[in-house]
Amino acid sequence: MPVTAIKLINFRNIKQCELNTDAPEVFFVGENGQGKTNILESVYYLCYGTSFRTREDSILCKNDESFFSASASYFKSREDINEIAISWKNRVKNIRLNGKTITDRKDIIRNQPCIIFCHDDIGFVNGPPEKRRLFLDQTLSLYNPYYIDLLRKYKKILKTRNHLLRENNTALLDVYDEQFVELGMEIQKKREEITSLFEPFFKDKFSEIAKFKELVAIQYQSTWSGMNEKDEILNFIRNKRKYEILNGVSSSGPHRDKLLFLHRDSDFSQIGSTGQMRLISLILRIIQAEFYSRTTGRKPLLLLDDVLLELDREKRIRILENLPPYEQAFFTFLPNEDYVNYHKENTMVYEVKSGGFKKRG
Ligand SMILES: Nc1ncnc2c1ncn2[C@@H]1O[C@H](COP(=O)(O)OP(=O)(O)OP(=O)(O)O)[C@@H](O)[C@H]1O
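Residues numbered from 1 in each chain as written. Predicted model: local features only at pLDDT ≥ 70, side-chain atom pairs only at ≥ 80, totals over all residues.

So, on to the overall build of the chain. Looking only at helices and strands, one finds 11 helices and 15 strands in the chain. Against the compact-globule benchmark of 21 Å for 361 residues, the chain has a radius of gyration of 22 Å, which places it among compact chains. For the chain, the spread of C-alpha atoms along the principal axes amounts to about 70 × 55 × 40 Å. A burial count over the chain gives 36% of its 361 residues as buried. Put simply, of all contacts in the chain between residues at least 6 apart along the chain, 71% involve residues at least 24 apart. (Helix = DSSP H or I, 4+ residues; strand = E, 2+ residues; numbered from the N terminus. Rg over C-alpha atoms; globule rule 2.2 N^0.38 Å. Buried ≥ 20, exposed ≤ 12 C-beta atoms within 10 Å, placed from the backbone. Contact = placed C-beta atoms within 7 Å.)

Laid out in structure tokens, this is it:
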């Protein structure tokens, strides 16, 4: 569903704005630090109920102000206009979909799917294990609300289990280990399945876009690898119990697994160039969006924040030609980028300066 209008009050450096965004592609062009990412962040915020840059809503509130609000209208069909609105006041967030309060964020994720291509995505390739796992968890959560619940349950059990380890409560650990392993195995299975499903697409796209002759493979490395039965894993973690009690943490399970990009069996993040890793992160987002569309029959919104900057002209063009099907795409550009070349017939262009927006043309 395309976003046709965005209204913001006190969102980051944007005091107030009402923007018409009724176009398949919307470009935001401006110098550094003017508010381009902020406007993309507001769209993401309206799709997920959280930011991709911070967990703290207070940070989104304009300095020296005590509240902010964001809302977007979008078409379900040309006759059926919907509105999502989020307000934050006295440190309380209120999310409303067509005037009705939403209490579980799952409901807005389902409502308006959105995929952000942002600078930090390079961490999917060269970042710490939790950042790399995030790619898989985001992919699975996007199309499967059950996975969101599964992760929530696992995180809760993990927290309790770590607490029991610190308390040396072996009787309760015996009970919790069962659930810990069951939920953990389910998460690992889903992550492994999605990794093998993505592998051939990833290889094809990488050689097509990067023109890198040698293959880069994706591998999910499980801390419980080679163990397919629950009892085997239970034995494995019980054998580690003394060590875990000593350290007060669960040393294996999906929260310790790794996503690896391998070139000739070594970690590509150690040898790839920044441009190559940027490409991999873009390709991962493309595959994520394509997979979402294939499984749900719906097209997401795409938000592309400055991610083409590190690529040479040929690769930029190849990335743009390979973008997944989208309902609408928002892009940010610096004024000296050749964005005019990517302009389509109905593209809307806004100039961004000090949190203000001026429509061009
Ligand atoms: N809570 C806030 N209140 C007021 N201003 C803020 C707040 N948070 C961020 N800013 C301001 O927003 C600006 C950053 O905007 P943004 O991140 O959108 O930059 P940008 O236009 O995308 O630039 P770049 O190309 O450098 O990424 C900075 O000037 C920053 O000081």
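This part covers unusual backbone geometry. Positive phi is not limited to glycine here, since Asp-64 has a value of about 65°. Secondary-structure assignment places Asp-64 in the loop between helix H2 (57-60) and strand S4 (67-77). One non-glycine residue, Arg-91, lies in the positive phi region at around 65°. Tracing the backbone shows Arg-91 in the loop between strand S5 (80-89) and strand S6 (92-97). Taking the C-beta count within 10 Å as the criterion, Arg-91 has 10 such neighbours and is therefore assigned exposed.

Quick look at the domain arrangement of the chain now. Where interface size is quoted, it is often the accessible area lost as the parts come together. As assigned here, the chain comprises domain 1 (1-113 + 298-361) and domain 2 (128-296). Between domain 1 and domain 2, the C-alpha centre-to-centre distance is 30 Å. Of all the elements in the fold, those that place two or more residues in the side of domain 1 that touches domain 2 are helix H3 (106-111) and helix H11 (313-321). Here the side of domain 1 that touches domain 2 takes three residues from H11, the largest share from any one element. Broken down by class, the residue content of the side of domain 1 that touches domain 2 amounts to nine nonpolar, one polar and seven charged. (Domains from an automatic or database assignment. Nonpolar A, V, L, I, M, F, W, Y, C, P; charged D, E, K, R; others polar.)

The next subject is the site of the ligand. Not every one of the 16 residues close to the ligand is listed here, only the nearest: Asn-13, Asn-32, Lys-36, Thr-37 and Asn-38. Residue contributions to the shell around the ligand peak at three residues, all from helix H1 (residues 36-48). Residues that form the shell around the ligand fall into these classes: two nonpolar, 10 polar and four charged. (Near = placed C-beta within 6 Å.)

Burial along strand S8 (residues 114-117) is two-sided: the face carrying Cys-114 and Ile-116 and the face carrying Ile-115 and Phe-117 are both buried. Here four bridges tie S8 to strand S12 (residues 301-305), and the two strands are oriented parallel to one another. Looking at the pairing, Phe-117 lines up with Leu-304 of S12. (Pairing = 2+ DSSP bridges.)

Right, let's get into the sheet that holds S12. The strand order across the open sheet formed by six strands is S8-S12-S13-S3-S14-S15, and the pairing between neighbours is mixed. In the strand order of this sheet, the two ends are held by S8 and strand S15 (356-359), each with one partner. Averaged over all pairs of adjacent strands, the angle between their axes in this sheet comes to 20°, without regard to strand direction. Relative to S15, strand S14 (residues 348-353) is paired through four bridges, and the arrangement is antiparallel. Bridging across to S15, Tyr-350 finds its partner in Lys-359. Strands strand S3 (25-29), S8, S12, strand S13 (328-333) and S14 of the sheet are contacted by H1, whose axis makes an angle of about 150° with S12. Across the face of the sheet, helix H10 (residues 274-296) comes into contact with S8 and S12 while running at roughly 170° to S8. (Axes fitted to C-alpha atoms, helices over the stretch in contact; angles between N-to-C directions.)

Once that is clear, we can look at the UniProt feature "binding site: ATP" (unreviewed entry) in the chain. The sites that carry the UniProt feature "binding site: ATP" (unreviewed entry) are, in the present numbering, Gly-30, Glu-31, Asn-32, Gly-33, Gln-34, Gly-35, Lys-36 and Thr-37. Mapping Gln-34 onto the fold places it in the loop between S3 and H1. Residue class for Gln-34 comes out buried when judged on the 22 C-beta atoms lying within 10 Å of it. As for its placement among the helices and strands, Lys-36 is situated in helix H1. In contact with Lys-36, not counting residues within four places along its chain, are Phe-28, Gly-30, Thr-332 and Val-352. (UniProt positions renumbered as here; feature names shortened; annotations may be inferred.)

With antiparallel pairing, three strands are arranged side by side in an open sheet as S9-S10-S11. Looking at the sheet topology across the chains shown, the edges are occupied by strand S9 (217-221) and strand S11 (266-267).

Glancing now at the environment of Ser-252. When you line up the elements, Ser-252 lands in the loop between helix H9 (241-247) and strand S10 (258-263). Look at Ser-252 and you get partly exposed, because 18 C-beta atoms sit within 10 Å. For the pair Ser-252 and Ala-210, spaced 42 residues apart in the sequence, the C-alpha separation amounts to 35 Å. For Ser-252, the residues in contact, after removing those within four places along its chain, are Thr-223, Trp-224, Ile-237 and Lys-240.

Formed by 87 residues in total, the largest nonpolar core has its most connected members in Val-43, Ile-283, Leu-302 and Leu-303. Two domains each donate at least three residues to this core, and these are domain 1 (1-113 + 298-361) and domain 2 (128-296). Excluding its chain neighbours within four sequence positions, the residues that come into contact with Ile-283 are Phe-202, Lys-205, Phe-206 and Ile-209. (Core = buried A, V, L, I, M, F, W, Y, C linked by C-beta atoms within 7 Å.)

The next thing to look at is helix H5 (residues 129-143). In an α-helix there are 3.6 residues to a turn, and that puts residues three or four apart on one side. If you check H5, its first and last C-alpha atoms are 23 Å apart, about what 15 residues at 1.5 Å a residue would give, namely 21 Å. The elements touched by buried residues of H5 are helix H4 (123-126), helix H6 (145-167), helix H7 (170-210), S10 and H10. (Expected span 1.5 Å × (residues − 1).)

This part covers the confidence of the model for the chain. Of the residues in the chain, 99% have a pLDDT of 70 or more, and the chain-wide mean is 93. Confidence, expressed as mean pLDDT per element, reaches its minimum in the chain at H3 with 79 and its maximum at S14 with 98. Among the prediction metrics, the complex's ipTM stands at 0.96, with pTM recorded as 0.92. (pLDDT = per-residue confidence, 0-100.)

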